[in-house]
Every structure is written in C-alpha cells, then in structure tokens.
Amino acid sequence: MSDLPHENEQPDPLDSFEEIIEAETDRDPDLAVIEAGSRTLRTQGGAPQADVPARPEDPEVDKALREVEAELATRWGETKLEPSVSRISALMDVLGDPQRSYPSIHITGTNGKTSTARMIECLLGAFELRTGRYTSPHVQSVTERISLDGAPVSAERFIETYQDIKPYIEMVDAAQEYRLSFFEVLTGMAYAAFADAPVDVAVVEVGMGGTWDATNVIDGDVAVVTPIGLDHTDRLGGTTGEIAGEKAGVIKQGATVILAQQPVDAAQVLLKKAVEVDATVAREGLEFGVVARQVAVGGQMLTLRGLGGEYPEVYLPLHGAHQAHNAAVALAAVEAFFGVGAQRAEPLDIDTVRKAFAAVSSPGRLEVVRRSPTVVLDAAHNPAGAEATAEAVREAFDFTRLIGVVGASGDKNVRGLLEAFEPIFAEVVVTQNSSHRAMDADELAAIAVEVFGDERVQVEPRLPDALEAAITLAEEEGEFAGGGVLVTGSVITVGEARLLLGKG
C-alpha cells in the first residue's frame with residue numbers, strides 16, 4: 001500500500017462498484033479530481049518511455065529496410081480487402097503453423113485495442129513471461145507493429161524475418177487467386193518471429209473485424225473485446241450489433257472472453273457467440289471494473305476490481321477515463337490467462353501489477369510532445385474515440401485556449417469527429433497528411449466550416465505549416481497562459497507530426 005497522504009476521503013469502493021454495475025454504457029463515471037501531485041505513485045517502473053523507433057543509423061540497414069518497405073508497398077494496402085483467411089492459412093501451413101507454438105491473447109473491438117494490448121504486454125512481462133505483441137497501425141515505423149519483450153523488433157530482425165519467409169510468401173502468391181496483402185504478410189512475419197524467439201505468450205490485435213481478419217488463424221486462450229462503435233461500416237456493418245457479429249469471430253471454443261462495456265445490441269451478439277462455443281465470459285461492470293479513479297500528475301490513480309479481488313493504488317501514466325477502463329480490461333485478461341477466478345482464487349501480486357501499470361506507455365495517445373505552448377498528440381479517428389479524447393482533455397489539462405490541428409482519412413466519419421471536438425477547440429487548423437487516404441484539406445475545411453463556423457477555421461494543406469499556425473495561435477495567450485495544441489484525426493497525422501516535432 002502507498003504511504004502517500006490522502007487529501008480527500010475516498011468513497012467506499014464497494015459502493016462505487018455497485019454504481020458501475022448499474023451504470024449504462026456511456027463510460028462516464030464520477031470523478032474525484034484532486035490537486036496535481038497529491039496522489040501520484042511512481043513505482044519502480046519509472047516514467048514510461050515511448051517506444052517508437054527512429055530510422056536505422058546504419059545506412060546499409062536503412063537501405064535494406066527501405067527495400068523491404070518498398071516491396072510491401074506493392075501489395076494490397078490495409079483498406080483493400082478480400083474477406084477470407086485462405087491466403088494467410090496457406091502461408092501458415094507452408095511455414096509449419098508457427099502461430100500454434102505459443103498461447104495467445106486475441107484483442108478486437110473498435111477503440112482502445114492498441115493501448116489495451118500494451119497494458120497486457122506490460123503485465124505479462126512484469127510476471128517474467130516473454131511476450132510477443134502484434135499491433136496496428138504503426139505511428140512512425142513499420143517495425144513498431146512487431147514487438148518482443150515490450151520493444152519493437154530491430155530493423156535488422158525485421159529485415160531478416162521478411163527475407164526468411166519471402167520464398168514461402170512467393171509460393172503462396174503463385175497458388176492463390178490474389179497475392180497476400182500487406183497486412184497478411186506482416187501477420188505472417190509476426191507469427192514467425194514469435195515462434196523463432198520463442199515467446200511464452202503472444203498478444204495480438206486484429207487489423208479489422210475478427211472473423212476474416214488475417215490474425216484469426218490463432219486460437220486465443222483469451223479473447224478480449226474492447227468497446228465497439230461505428231467504424232469501417234462499409235465492411236463490418238451499419239450497426240454496432242452487426243459489427244459485433246464480425247468481431248465475435250475471435251471467440252473460440254472453450255476460450256475465456258473479456259468484454260468491455262458494450263452497446264446492448266453488441267453485447268447480445270457477443271454473449272450469444274460465447275454460449276455457442278462454450279466460452280467463459282467476464283463482463284466489465286459485473287465481474288470486473290474500475291472501482292475508483294483520481295487525476296494525478298501525468299496520469300491517474302486507480303482502484304481496479306479484477307477477477308480475483310481488488311487492486312488499490314494503481315498508478316497509470318495515461319490520461320482519460322477510457323484508459324482506466326482499458327486498464328481494467330487488460331488486468332482481467334491477464335488474470336484470465338493465469339487462471340485467476342477459475343483454477344485459482346487469489347489475485348495477482350499487487351506490487352507486480354502496480355509496477356507493470358506504472359511502466360505503460362502508448363505513443364500518440366494523449367502524448368505531450370512539447371511545452372510552452374503544450375502540444376498534445378492523439379490518434380482519435382472516429383467519433384467515439386474523439387469523444388473520449390475530448391473528455392480526457394477537459395479532465396487532465398487546464399487549457400484556456402485549445403487549438404486543434406486535424407488531418408483525417410477520407411473514409412472516416414469526419415463530421416462526427418469534428419463535432420466531438422467542437423466544444424473544446426477555440427479554433428481548428430485543418431490539414432492533410434501524406435497518405436493517399438488523406439481527405440483533401442479544402443474538402444475537410446468545408447465540413448469544418450459547417451461545424452465550427454468560418455471564423456474558427458484555418459486551412460493549411462501542409463502539415464508543417466498547420467503545426468506552425470496552430471502553435472502561433474496558441475501563443476497568443478502569452479507564455480504563462482493556458483494555450484495549447486491538440487493534433488488529431490489520424491494515426492498517420494499524429495506520426496508525421498511526431499517526427500516534425502522532434503520525437504523519434
């Protein structure tokens with residue numbers, strides 16, 4: 001237990017937990033906001049370091065990595081799909097099914113997948129298991145997607161893994177109607193790298209959906225479903241229930257399913273699938289949840305209810321109620337992996353849990369990359385994610401004037417995203433990133449004017465110019481005032497801004 005002073009008397013945790021059980025799915029618990037620093041707990045894990053690799057310093061390695069990236073770029077991108085696991089299954093077959101050589105935790109959902117995966121990885125690592133983590137998309141470097149022991153694989157290992165399986169990729173390409181896609185090749189690389197390491201457990205995030213996602217050639221011992229919202233509706237369905245039907249594909253026979261709070265129609269679909277395959281279900285707000293949370297310096301202090309009991313005074317160096325809920329889901333997933341609540345009754349070691357959560361990082365998720373004025377990056381790219389980010393900004397930052405820099409993809413609900421941010425942005429600078437998927441800045445501006453009004457919208461097609469304009473607007477508040485900048489709308493926009501601002 002922490003011996004740090006408590007400035008406010010805390011409510012009975014059991015009372016708080018009962019409130020969670022009765023709450024609806026808007027994920028908006030009461031907060032006990034306290035003075036900064038009064039309840040901060042930084043354990044041996046220390047301040048987290050963002051693990052976003054830069055380009056290789058060795059020119060030859062950098063050249064070889066660029067050649068691999070160029071070859072991958074000739075394949076179908078992540079937005080062009082043929083809903084089938086036939087190609088990835090064929091690749092796994094010729095590779096000797098490496099994905100079956102280790103147990104796995106499979107994560108699907110709409111928002112929070114990557115942050116949850118990182119938390120699960122930290123927890124497993126703290127309990128001395130060797131981990132492999134596969135997440136997408138990447139913030140700056142494609143090598144981020146494949147991690148071993150909590151760190152992205154080196155450029156050299158990424159290149160070596162690609163070259164090792166390249167002959168088998170070409171063999172499958174020749175036998176299939178369509179070549180393996182970019183995402184399918186990366187998935188094959190991840191599964192091969194994990195087997196080669198070897199890892200004790202793989203933490204795998206789906207790319208899209210679940211049933212026909214390339215990652216779904218694993219049989220996850222634990223299936224995690226983060227909150228489901230409307231995204232990729234052209235491929236997954238127009239309602240959260242329909243989308244849940246696709247995502248339920250990760251729930252396998254006899255698995256344990258960890259469900260975050262869900263819309264009612266999504267929950268019904270997921271529970272029905274669990275019954276069909278005789279899976280055990282743990283639901284946020286019933287079997288586990290967030291008992292209490294308080295704002296602290298650089299993050300928040302949590303009391304979590306897990307499958308094996310209560311975990312008080314857990315410091316999480318991430319902002320927002322949504323990250324607290326992600327932490328509860330991650331803890332329950334790791335408990336389930338270790339058999340807590342089933343084979344064993346006692347909870348996980350509290351000191352190890354605290355150490356793990358204190359070391360969590362999630363680059364590009366409300367990440368502060370500059371001060372005076374404060375510049376924050378967040379990869380929110382759909383309305384639900386934007387709403388969570390907006391609420392977290394209100395809670396964690398004391399901005400008196402916040403300028404938005406928004407660069408979005410053309411296939412997203414951009415109006416809904418902008419409407420979520422409208423209450424917190426004094427002005428917005430619309431821009432576009434370098435991706436072919438980026439919405440044209442003028443097209444984005446036309447929507448922004450309808451949401452914000454003409455006087456609050458500035459157009460800067462080049463991201464460097466947009467950042468400069470936003471920082472200038474924020475500085476109008478004065479050096480010691482509360483001006484700030486939030487860069488958002490797309491993971492690609494955030495990654496490019498991160499590089500421009502000297503990170504990674």
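Parameters and conventions
Residues numbered from 1 in each chain as written. Predicted model: local features only at pLDDT ≥ 70, side-chain atom pairs only at ≥ 80, totals over all residues. Heavy atoms only, no water. Helix = DSSP H or I, 4+ residues; strand = E, 2+ residues; numbered from the N terminus. Buried < 20%, exposed > 50% of the residue type's maximum accessible area, 1.4 Å probe, protein only. Contact = heavy atoms within 4.5 Å. Areas by Shrake-Rupley, 256 points an atom, 1.4 Å probe, with all protein chains shown as cover. Phe/Tyr/Trp six-rings, centres within 6.5 Å; stacked < 30°, edge-to-face > 60°. Pairing = 2+ DSSP bridges. Axes fitted to C-alpha atoms, helices over the stretch in contact; angles between N-to-C directions. Patch = residues over 30% accessible without salt bridge, like charges linked within 9 Å, V, L, I, M, F, W, Y side chains within 5 Å. Salt bridge = Lys/Arg side-chain N within 4 Å of Asp/Glu carboxyl O. Lys, Arg positive; Asp, Glu negative; His and termini not counted. Charge placed at Lys NZ, Arg CZ, Asp CG, Glu CD. Arc of directions from axis to C-beta. Parallel < 35°, antiparallel > 145°, perpendicular 65-115°, else oblique. Expected span 1.5 Å × (residues − 1). Bend = angle between axes of the 7 residues up to and from the residue.

(A) Region of interest: the overall build of the protein. If you tally the helices and strands in the protein, you get 16 helices and 17 strands. Every one of the 504 residues in the protein was classed for burial, and the buried ones make up 56%. Considering only intrachain contacts with a sequence separation of at least 6, the fraction spanning at least 24 residues in the protein is 75%. Carbon and sulfur atoms make up 48% of the accessible area of the protein, which amounts to about 20,200 Å² in all.

(B) Representation of the packing of aromatic side chains in the model. On inspection of all chains with the given rule, the structure shows eight aromatic pairs. For the pair Phe397 and Phe399, a centre-to-centre distance of 5.2 Å together with 10 degrees between the ring planes defines the contact as stacked. A relative accessible area of 12% means that Phe397 is categorised as buried. Look at Phe399 and you get partly exposed, because its relative accessible area is 21%. Summarising the aromatic geometry, the rings of Phe425 and Phe452 are spaced 6.4 Å apart at their centres and angled 15 degrees between planes, so their arrangement reads as stacked.

(C) Structural context of the sheet that holds strand E16 (residues 457–459). Pairing is mixed across the open sheet formed by six strands, whose spatial order is E12-E13-E17-E14-E15-E16. Looking at strand neighbours, the two that pair on one side only are strand E12 (367–370) and E16, the edges of this open sheet. Adjacent strand axes in the sheet meet at a mean angle of 25 degrees, parallel and antiparallel pairs treated alike. The sheet contacts of helix H15 (residues 463–475) involve E12, strand E13 (374–377), strand E14 (401–406), strand E15 (427–430), E16 and strand E17 (483–488), and relative to E14 the element is tilted by about 175 degrees.

(D) Representation of the side chain of Thr135 within the structure. Its location among the elements puts Thr135 in the loop between strand E2 (131–134) and strand E3 (146–148). With residues near it in sequence (within four places) discarded, Thr135 still touches Thr114, Ala117, Glu144, Arg145 and Glu205.

(E) Inspection of a negative patch on the surface at higher detail. On the surface, Glu57, Asp58, Glu60 and Glu156 cluster together into a negatively charged patch. Note on placement: Glu156 falls in helix H5 (residues 155–175).

(F) Spatial organisation of helix H3 (residues 86–95). By the burial criterion, the buried members of H3 are Arg87, Ile88, Leu91 and Met92. One side of H3 holds all its buried residues, which, seen down the axis, span an arc of 135 degrees. Positive backbone phi, approximately 85 degrees, marks Gly96, located one or two places after H3.

(G) A look at the pairing of E17. With respect to burial, E17 is a largely interior element, six of its six residues being buried. What you see with E17 is no split at all: Gly483, Val485 and Val487 on one side and Gly484, Leu486 and Thr488 on the other are buried throughout. Taken together, the four bridges between E13 and E17 define a ladder with parallel strand orientation. Paired with Val376 across the strands is Leu486, a residue of E17.

(H) Broad picture of the pattern of salt bridges. Enumeration over the complete set of coordinates arrives at 25 salt bridges. A salt bridge links Arg498 to Glu367, with the shortest nitrogen-to-oxygen separation between them at 2.7 Å. Of this pair, Arg498 sits in helix H16 (residues 491–500) while Glu367 sits in strand E12, and the two are 131 residues apart along the sequence. The exposure class of Arg498 is buried, given its relative accessible area of 2%.

(I) Representation of a nonpolar patch on the surface in the model. Together, Val94, Tyr168 and Met171 make up a nonpolar patch on the protein surface, roughly 240 Å² of accessible area in all. By secondary structure assignment, the location of Tyr168 is in helix H5.

(J) Representation of the packing of H15 against H16. Contact pair H15 / H16: the axes reach a minimum separation of 10 Å and the direction vectors enclose 70 degrees. Put simply, H15 runs roughly perpendicular to H16. Between H15, through Leu463, Pro464 and Leu467, and H16, the contact on the second element is made entirely by Thr493, Glu496, Ala497 and Leu500.

(K) Representation of H5 within the structure. Given a rise of 1.5 Å per residue, 21 residues ought to cover 30 Å, and the 30 Å separating the end C-alpha atoms of H5 matches this to within 8%. Residue Lys166 marks the point of greatest curvature in H5, where the axis turns by about 45 degrees; the proline Pro167 follows within four residues. Turning to H5, its buried residues are Ala155, Phe158, Ile159, Thr161, Tyr162, Ile165, Lys166, Ile169, Val172 and Asp173.

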